[in-house]
Amino acid sequence: MVTPISYHQSMTDEMSYGNAIEHDVRKIAARLGVADFVYTVPVLSKGAGGSREVGDGLLISNGHGAILQVKTRDPVSRSETGESWLAKHGERAYRQGKGTRRQISEQQKAGEIVTAFPVRAEDWSPEVRERVGLPLDMDVSDWQTIIVVDHPEMDGTQPTRTDAFWITTDDWLMLNHAIRSVTGLLIYVERVLEAGPNVCPRLGYEAERFEQMVQADAKYAAAGGTRSRPWLTADSLNDPTGAALYRQLLERIWPEESGQLLQVPIGDTRRILEFLDDVPPGMQVEAGRWILRKRSEIRDRPWASGAWMFNSERLFVFGCSPSDLFEDIEHFDAKLASLACVRAKQIGLQGNSITSLLAVGHIVGDGYIDYRYIYMEPPIDASPELMRSVGHEHGVFDPEAGQVNFPKAARNERCPCGSGLKFKYCDRNT
Ligand SMILES: [Zn+2]
């Protein structure tokens, strides 16, 4: 059911086996979620001359956070059984996780804010890396510890501490394939730990817990009516291509070659990534396939677009066009931005309030696609003229039905496009 990837491949001669696994556990989350929310270990100074690592990695996104601890058995030592190994090394990982949380809090109290750096920036030059550093100034008291264990005889072993999230490396890989989002992964971990000690399964049985949660969400959503959808589904496992299509939106923010300029200001980059990463795992495949469908529409017309409310406050707008129809990128961006602001206002006029707006554009050329990003928080208020021109050309978005309707009203009624004009004046010359 899972396409396995080799997670031992980054092991090099310079690294010990343990370091290589640690590195790989971070990389799995980074590659399948977002490398921007998986942070490498900042080093805290610890008194005279010493330094101390903070966890084996940190996962931080959308106000959620967790400390990653990785424990690996050296393949040459074969003396211990899984159970005794876990009792010793698992306990150490558990204590280290608690220690890390305490350490970050203590540094905050002392006014020494540590900066963490995303895995993506590992190989960047120090001055560029500095710009994407995340100061650890947030409340970390509710951060969970995720303990990933790598041991050949671990399956079936019961972890003794039930207030941490335990998982084997194989299951970690499966879970990352299934959730495909760091925010989603953190919410999943919080949810299972909130459920209490009874749902702490034996190691090697994460697929069962995942399945139980999928079923619970499906049942819950079914009781919530037709518009209710499960937060978690197995869709990303069943359609990895659909999920990958969606994840491209996050990946393509970064230039393909390092050293090139970002098209999005660095200050907005994390906000955009968080916006996109906060889509429920059960929605990513659908959103990925939807984008693909929209893109196919420009085979027989010059422009295709759509709007999607990711939740009651966040609006996602997608637009695409063949590259030869726009003289320059600014022209395309202006059109996309106008459409996005109008969609946000149309939804606002129907009683919803959009606090953040992300528009993603695809300029489709011969063998390439340019990704464009426009982010507004809150959206710019569209002028009556813009409401009129866009509303009559592209219709009015109905968030309830998730569809676009073209303005229609009696001649002397106010036009539903939001321009404020009577329909008879508004609809002519469009
Ligand atoms: Zn109108």
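From a predicted model like this one, the values you see are computed outputs, not experimental measurements. (Residues numbered from 1 in each chain as written. Predicted model: local features only at pLDDT ≥ 70, side-chain atom pairs only at ≥ 80, totals over all residues.)

1. Regarding the overall build of the chain
Within the chain, the regular secondary structure consists of 13 helices and 15 strands. Of the contacts formed within the chain by residues at least 6 apart in sequence, a portion of 63% connects residues at least 24 apart. (Helix = DSSP H or I, 4+ residues; strand = E, 2+ residues; numbered from the N terminus. Contact = placed C-beta atoms within 7 Å.)

2. Quick word on the sheet that holds strand E11 (residues 314-322)
What the four strands build is an open sheet, ordered E10-E11-E12-E13; its pairing is mixed. Each having just a single partner strand, strand E10 (304-309) and strand E13 (368-376) make up the two edges of the open sheet. Within the sheet, the average angular offset between the axes of one strand and its neighbour, ignoring direction, is 15 degrees. As judged from the nine bridges shared by E11 and strand E12 (residues 356-365), these two strands associate in the parallel manner. Each residue of the ladder has a partner; that of Phe 316, found in E12, is Leu 358. On the sheet, helix H9 (residues 266-277) packs against E11, E12 and E13 and is oriented at approximately 100 degrees with respect to E13. (Pairing = 2+ DSSP bridges. Axes fitted to C-alpha atoms, helices over the stretch in contact; angles between N-to-C directions.)

3. Some points on the pairing of strand E8 (residues 144-150)
Where burial is concerned, most of E8 is hidden: seven out of the seven residues are buried. Across seven bridges, the pairing between strand E5 (residues 64-72) and E8 is parallel. The partner of Leu 68 across the bridge, within E8, is Ile 146. With four bridges joining them, E8 and strand E9 (residues 165-168) adopt parallel strand pairing. Paired with Val 149 across the bridge in E9 is Thr 168. (Buried ≥ 20, exposed ≤ 12 C-beta atoms within 10 Å, placed from the backbone.)

4. Overview of the sheet that holds E5
As summarised here, the arrangement of the seven strands in space is E7-E6-E1-E4-E5-E8-E9, forming an open sheet in which the pairing is mixed. The open sheet has two free edges, formed respectively by strand E7 (134-135) and E9, since each of these has just one partner strand. Looking at chain direction, strand E1 (residues 38-40) and strand E6 (residues 115-118) are connected through two bridges and run antiparallel. In the sheet register, Thr 40 faces E6, and the bridge partner there is Phe 117. Where helix H4 (residues 169-179) meets the sheet, it contacts E8 and E9, and its direction lies at approximately 100 degrees from that of E9. Here helix H5 (residues 182-194) sits on the sheet in contact with E1, strand E4 (57-61), E5, E8 and E9, set at roughly 85 degrees to E5.

5. Observations regarding the packing of helix H8 (residues 240-251) against helix H10 (residues 281-296)
Two elements in contact, H8 and H10, have axes whose closest approach is 7 Å; the angle formed by their N-to-C orientations is 75 degrees. Classified by the interaxial angle, the pair formed by H8 and H10 is roughly perpendicular. Between H8 and H10, the contacting residues are Gly 242, Ala 243, Leu 245 and Tyr 246 on the first element and Gln 284, Val 285, Ala 287, Gly 288, Arg 289, Ile 291 and Leu 292 on the second. Residue composition of the contact of H8 with H10, by class: seven nonpolar, three polar and one charged. (Parallel < 35°, antiparallel > 145°, perpendicular 65-115°, else oblique. Nonpolar A, V, L, I, M, F, W, Y, C, P; charged D, E, K, R; others polar.)

6. A few points about unusual backbone geometry
Cis geometry is found at the peptide bond from Glu 377 to Pro 378, where omega equals 0 degrees. Positionally, Pro 378 belongs in the loop between E13 and helix H12 (384-394). Even without being glycine, Asn 62 reaches a positive phi, approximately 50 degrees. Under the C-beta neighbour-count criterion, Asn 62 is labelled partly exposed, with 17 such atoms within 10 Å. In this model, Arg 180 sits at a positive phi of 55 degrees, which is unusual for a non-glycine residue. Along the chain, Arg 180 falls in the loop between H4 and H5. With 27 C-beta atoms packed within 10 Å, Arg 180 lands in the buried category.

7. Focus: the pairing of E10
The pairing of E10 with E11 spans six bridges and is classified as antiparallel. For Trp 308, the partnering residue across the bridge sits in E11 and is Phe 316. Here E10 hands over to E11 after four residues, the two strands then running antiparallel side by side.

8. What to know about the nonpolar core
Among the nonpolar cores identified, the biggest contains 96 residues, and Val 38, Leu 59, Leu 68, Ile 147, Val 148, Ala 340 and Ala 359 are the most heavily contacted of them. When residues in this core are grouped by element, the largest group, nine residues, is from helix H11 (residues 329-349). Lining this core are residues from two domains, each supplying at least three of them: domain 1 (17-232) and domain 2 (242-382). Apart from residues no more than four positions distant in its own chain, Ile 147 is found in contact with Gln 69, Lys 71, Gly 90, Ala 93, Tyr 94, Gly 97, Ala 164, Phe 165 and Trp 166. (Core = buried A, V, L, I, M, F, W, Y, C linked by C-beta atoms within 7 Å. Domains from an automatic or database assignment.)

9. Quick notes on the confidence of the model for the chain
With 88% of its residues at a pLDDT of at least 70, the chain reaches an overall mean of 85. Per-element averaging of pLDDT across the chain places strand E3 (residues 50-53) at the bottom with 50 and helix H7 (residues 235-238) at the top with 96. A low-confidence stretch, residues 1-16 stays under pLDDT 50, and its non-local contacts, those more than four residues away or across chains, total 18 contacts. (pLDDT = per-residue confidence, 0-100.)

10. Re the environment of Phe 397
For Phe 397, the location among the structural elements is in strand E14 (residues 396-398). Given 25 C-beta atoms within a 10 Å radius, Phe 397 is considered buried. Residue contacts for Phe 397: discarding those within four places in its chain leaves Ala 307, Arg 343, Gln 346, Ile 347 and Val 404.

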